[in-house]
Every structure is written in C-alpha cells, then in structure tokens.
Amino acid sequence: MGSERVEMRKRQMQVHQEAAASVLQARHRMGNTPTNASNACCFCWCCCCSCSCLTVRSEDETIQRSTFERRTEGTNNCEESLKPTLEDARSWPTSFEKVMKSAAGRSCFRQFLRTEFSEENMMFWLACEELKKETNKTVVEEKVRQIYEDFISILSPKEVSLDSHVRDVINRNMLEPTSHTFEEAQQQIYTLMQRDSYPRYINSTAYTDLLKSLEEPPPEP
C-alpha cells in the first residue's frame, strides 16, 4: 500500500507540473510570459516545494479565501434585480435544468451555494459558458489560463472538485487551448450540483421563504 501511495503522489505531481508547463506555453504564445517563468518551482502547483513565491502566494490566497467567505455573510435569498416570478420559482423542483436555464434561478441557487461554501461550482460553470461563446483565439487562451488558475489549480481557494480522469483530460487540452477545454469538467460539476446541492436547495428554508415572499401580495402604495 505504501508503494502505491508513493506512485499515486508521483503521478499527481507529474500531472500538475504538466499543467503548469502548458499554461506557461500558452502565456508565451501570447507574449505574456511572467518575469519569474525561468523558475519552474514557482509554477509547480503540486505543493511539492516551499520556495518563497509559494509562501507569498499562500498568504495572498489566505486573504482571498477570507474575503470570499466574508462575502457570503448577509446575502439575500436572491439578487433583487433577478428576482423570479412565482411561476418560474414553482417550476424549479421539476428539474435542475429549469433552475439553470433561468437567470433568476441561477442567481437564487448561487446565493444558496454561498451559504454552503460551494459557490465556486456555479462560478466555474458560468465561466465555462462564457468561454464557449468566445471565438478570438488569443482571448480564448487567456480565459482558459484564468479559469485554470481560478478553479482547477490545487492552490486556488476556489478549486472545484474533479476526479483524476477529468484532470488528465484538462491537462491534455491545455496543450492546445480551445473554447471547449473544460467541457468534460463543466459537465462533471453540473452533475455534482444536480445530485448534491440542488436537492438540498429545493428542501431548504431559502427556497421556501422565496416562494412565500413571491406569494405575498405587494404592499399597497
């Protein structure tokens, strides 16, 4: 068992190093190679080293995470500008697709995900949707790099949960970034939200309170 764990760890290290190299290649093609690109350790996202750049980055990400978590406090059930109609909200229990096809549904569900500290799943899914609309190759490569750093890198405070197979697919796709680089990952996160968070949302007080607020007659002027 010990040797198997060592081999698995080696494989994880190799996967993240390959991903880092892919991102550097994409940056180089765009003429956006960072000044510390010569120090491969700085882009080793497997946490296998303790160089100063990772220490600084770790501190920055601790700040980012605390800011991200504080943002969840005091949020409303849905953004007022995207409040759904009663008919729209009542349709959501029929299928997760109904929620995701509705702008108001995505907004309300995202607010719920914040309370569960899993808002990054919706953020990643939305980022992939925007990426698929992009046709400019340079912009695609930049967006792919940003999505990887924000949601795939194991050092990101907003890392989404993906299995090893999907991560391998992403790392291969990073060699030639396209608007569909994260397609398989996006589907896996969609399925995760559908099976895990969606049932809890439909049975939550957040959804019940939303329906009650929509059923109440508007106050008289």
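Residues numbered from 1 in each chain as written. Predicted model: local features only at pLDDT ≥ 70, side-chain atom pairs only at ≥ 80, totals over all residues. Heavy atoms only, no water.

Student: Give a description of the overall build of the protein that names residues and reports values.
Tutor: Broken down by element type, the protein carries ten helices and zero strands. Secondary structure elements of the protein occur, N-terminal to C-terminal, as α-α-α-α-α-α-α-α-α-α. Within the protein, the proportion of its 221 residues that are buried is 39%. Taking contacts inside the protein between residues at least 6 apart in sequence as the whole, the part at least 24 apart equals 65%. (Helix = DSSP H or I, 4+ residues; strand = E, 2+ residues; numbered from the N terminus. Buried < 20%, exposed > 50% of the residue type's maximum accessible area, 1.4 Å probe, protein only. Contact = heavy atoms within 4.5 Å.)

Student: Can you lay out helix α8 (residues 164–173) for me, pointing to particular residues and giving the numbers?
Tutor: Count 3.6 residues to each turn of an α-helix, and residues three or four apart come out pointing the same way. Those residues of α8 that sit buried are Val166, Arg167, Val169, Ile170 and Asn171. A side-chain oxygen of the first residue of α8 lies 3.2 Å from the backbone nitrogen of His165; this N-cap is Asp163. (Polar contact = N/O pair within 3.5 Å; in protein donor to acceptor, adjacent residues only side chain to side chain.)

Student: Before we move on, can you summarise the nonpolar core with the specific residues and values?
Tutor: Counting residues in hydrophobic clusters, the biggest one holds 39 residues, and the most contacted among them are Trp92, Phe109, Phe124, Ile170, Phe182 and Tyr201. Where this core is concerned, the elements lending two or more residues are α4 (96–101), α5 (103–115), α6 (119–133), α7 (137–152), α8, α9 (183–202) and α10 (205–215). Take this core: its biggest share by element is seven residues, from α9. For Ile170, the residues in contact, after removing those within four places along its chain, are Tyr148, Ile152, Leu162, Thr181, Phe182 and Ala185. (Core = buried A, V, L, I, M, F, W, Y, C linked by side-chain atoms within 4.5 Å.)

Student: Tell me what's going on with the side chain of Ser118, and back it up with residues and numbers.
Tutor: Mapping Ser118 onto the fold places it in the loop between α5 and α6. Its relative accessible area of 11% is what places Ser118 among the buried residues.

Student: Requested: an account of the packing of aromatic side chains, with residues and values cited.
Tutor: Counted according to the given criterion, the structure contains ten aromatic pairs. Chaining the aromatic ring pairs together yields one cluster made of Trp92, Phe96, Phe109, Phe112, Trp125, Tyr190, Tyr198, Tyr201 and Tyr207. (Phe/Tyr/Trp six-rings, centres within 6.5 Å; stacked < 30°, edge-to-face > 60°.)

Student: So what's going on with the pattern of salt bridges? Residues and values would help.
Tutor: On inspection of all chains with the given rule, the structure shows 13 salt bridges. Notably, a salt bridge pairs Lys143 with Glu134, separated by 3.7 Å at the nearest N-O pair. Residue Arg167 is joined to Glu159 by a salt bridge in which the shortest nitrogen-to-oxygen separation is 2.6 Å. Residue Arg167 is classed as buried on the basis of its relative accessible area of 11%. Here the salt bridges share partners, and the residues they tie into one network are Arg110, Arg114 and Glu119. (Salt bridge = Lys/Arg side-chain N within 4 Å of Asp/Glu carboxyl O.)

Student: Account for the side chain of Thr181, naming residues and giving values.
Tutor: If you trace the backbone, Thr181 turns up in the loop between α8 and α9. Owing to a relative accessible area of 3%, Thr181 belongs among the buried residues under this scheme. From its side chain, Thr181 meets the backbone nitrogen of Thr178 in a polar contact 2.8 Å long. When residues no more than four places from it in sequence are discounted, the contact partners of Thr181 are Val144, Ile170, Asn173 and Met174.

Student: Any details on the environment of Ser102? Residues and values, ideally.
Tutor: Residue position: Ser102 is located in the loop between α4 and α5. Remark: the alpha-carbon pair of Ser102 and Pro84, spanning 18 residues in sequence, is separated by 8.5 Å. Setting aside chain neighbours within four positions, we find Ser102 in contact with Asp88 and Trp92. Among the polar contacts listed, one links the side chain of Ser102 to the backbone nitrogen of Gly105, at a separation of 2.9 Å.

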